[in-house]
Amino acid sequence: MNLLFISAKLARLVPLFGAAGLLLTLSACDKLPGWAAALLHTEVKTSPLSGPDKNRDGIRDDIEPLIAQSSSLPEVISVRTTYAKSLQKIVEFDFEHAQMLSVLKSEYSRSLACAMLVDDGFIDKLNSATFNTPQRIQQQDVFQKSISGQAFDFDSLSRLCS
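Every chain begins its residue count from 1, and numbering advances along the sequence as written. In keeping with the model being predicted, local features are shown solely for residues with a pLDDT of at least 70 and side-chain atom pairs are shown and tallied solely at 80 or more, while totals for entire chains, interfaces and linings include all residues. No hydrogens and no water enter the side-chain calculation; it runs on all heavy atoms of the structure.

Q: Would you take a moment to explain the side chain of Arg136 for this structure?
A: For helices the rule is a DSSP run of H or I covering at least 4 residues; for strands it is a run of E covering at least 2, with both sets numbered from the N terminus onward. Relative to the helices and strands, Arg136 is located in helix α7 (residues 134-147). Only protein chains enter the calculation, and the probe is 1.4 Å; a residue is then buried if its accessible area is under 20% of its type maximum, exposed if over 50%, and partly exposed in between. This count recognises Lys and Arg as positive and Asp and Glu as negative, with His and chain-terminal groups excluded. Every case where a carboxyl oxygen of Asp or Glu lies within 4 Å of a side-chain nitrogen of Lys or Arg is listed as a salt bridge. As a buried residue without a salt bridge, Arg136 has its nearest oppositely charged side chain in Asp62, at a separation of 5.3 Å. We define a polar contact as two N or O atoms separated by no more than 3.5 Å, with the added condition that, inside protein, one atom must be a possible hydrogen donor and the other a possible acceptor, whereas residues neighbouring each other in sequence contribute only through side-chain atom pairs. A distance of 2.6 Å separates polar atoms of two side chains, one belonging to Arg136 and the other to Asn132.

Q: What is the right way to look at the pattern of salt bridges in this model?
A: Pairing is possible between side chains of opposite charge, provided their charged atoms come close. For the coordinates displayed, the defined rule picks out three salt bridges. One salt bridge connects Asp62 with Arg60, and the closest N-O pair in it is separated by 2.9 Å. We classify Asp62 as partly exposed; its relative accessible area is 40%. Notably, a salt bridge pairs Glu107 with Lys89, separated by 3.0 Å at the nearest N-O pair. Highlighted residues: Glu107 in helix α5 (residues 101-117) and Lys89 in helix α4 (residues 74-92), separated in sequence by 18 residues.

Q: In this structure, what is going on with α4? I would like to understand it.
A: Within an α-helix, residues lying three or four positions from one another point in the same direction, as the helix has 3.6 residues per turn. Helix span, expected: 1.5 Å multiplied by one less than the number of residues in the helix. The end-to-end C-alpha distance of α4, which contains 19 residues, comes to 27 Å, matching closely the 27 Å that a straight helix rising 1.5 Å per residue would cover. Every buried residue of α4 is listed here: Val76, Val79, Arg80, Thr82, Tyr83, Ala84, Ser86, Leu87, Gln88, Ile90, Val91 and Glu92.

Q: Would you explain the confidence of the model for the protein chain in this entry?
A: Residues shown with low pLDDT carry predicted positions that ought not to be read at fine detail. The predictor attaches a confidence to each residue, called pLDDT, with possible values from 0 through 100. When pLDDT is averaged across the protein chain, the result is 75; 63% of the residues are at 70 or more. Model confidence for the protein chain, summarised as mean pLDDT per element, is weakest for helix α1 (residues 3-26) at 41 and strongest for helix α6 (residues 122-130) at 96. We call two residues in contact when some of their heavy atoms are within 4.5 Å. Scored below 50 in pLDDT, residues 1-44 shows 63 contacts in the model against residues more than four places distant or in partner chains.

Q: Help me understand α6 in this model?
A: Residues of α6 that are buried: Phe122, Ile123, Leu126, Asn127, Ala129 and Thr130. Buried residues of α6 fall within an arc of 165° about the axis and therefore sit on the same side. With respect to the buried face of α6, the exposed residues turned more than 90 degrees away are Asp124 and Ser128. Packed against the buried residues of α6 are α3 (64-68), α4, α5 and α7. By arc we mean the arc of the directions from the helix axis to the C-beta atoms, nothing more.

Q: Help me understand the environment of Thr133, please; the structure alone is not making it clear to me.
A: Among the structural elements, Thr133 can be located in the loop between α6 and α7. Sequence separation between Thr133 and Leu49 is 84 residues, and the spatial gap between their C-alpha atoms is 8.6 Å. From its side chain, Thr133 meets the backbone nitrogen of Arg136 in a polar contact 3.1 Å long.

Q: When you look at the packing of aromatic side chains in this model, what are you seeing that I'm missing?
A: The geometry of two aromatic rings is summed up by the distance between their centres and the angle between their planes. Only Phe, Tyr and Trp rings are paired, with Trp represented by its six-membered ring, and only when their centres lie within 6.5 Å; those with planes under 30 degrees apart are stacked, over 60 edge-to-face, the remainder tilted. Counted by the stated rule, this structure contains three aromatic pairs. Their ring planes at 40° and their centres at 6.1 Å tell us that Tyr83 and Tyr108 sit as a pair that is tilted. Pair noted here: Tyr83 is in helix α4 and Tyr108 is in helix α5, with a separation of 25 residues, a long-range link. Taken as a pair, Tyr83 and Tyr108 share a single burial class, namely buried. An angle of 75° between the planes, with centres 5.0 Å apart, marks the rings of Phe93 and Phe95 as edge-to-face. Among the aromatic residues, those joined into a cluster by ring pairs are Tyr83, Tyr108 and Phe143.

Q: Help me understand the nonpolar core in this model?
A: Ranked by size, the top nonpolar core spans 31 residues in total, and within it Tyr83, Tyr108 and Leu126 carry the most contacts. Every element with two or more residues in this core is listed here: α4, α5, α6 and α7. For this core, the leading source of residues is α5, giving nine residues. Discounting residues that sit within four places of it in the chain, Tyr108 has contacts with Tyr83, Ser86, Leu87, Ile90, Phe143, Gln144 and Ile147. We call a set of buried residues a nonpolar core when its members are Ala, Val, Leu, Ile, Met, Phe, Trp, Tyr or Cys and they connect through side-chain atoms within 4.5 Å of each other.

Below is the structure:
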């Protein structure tokens, strides 16, 4: 399933939600089961690729202003923050711990599905800003290869946003 097709499917869902429904739907996008979040956290490491994160919120300090300036809606900011955190986990992930890769994939796919509900081109901008060095791009490539050929049910994943 290609990204354009997925984006079109999610775009058709937005009118069904209405404004209030969409905000409620987006509010749950940052929820990962506690056990999965704890396990994934153990596999994420601080590395030279991490970059500065003085407030330790899981997002590099140079990414936070991009998100803050991207919208005036707190719900959209929240969804984009969650997506940015999943991208940062890809940057920091130790691919030697393959057993946790499925948890990372799950978190990433859910955060992407939610971000696509409000995307206005910001996903590409955030990806470019996050994977902005050759080493970070290499991490992204390893992750992308790990999900290559896998199908994600973005309709079901977008329901998790509620």
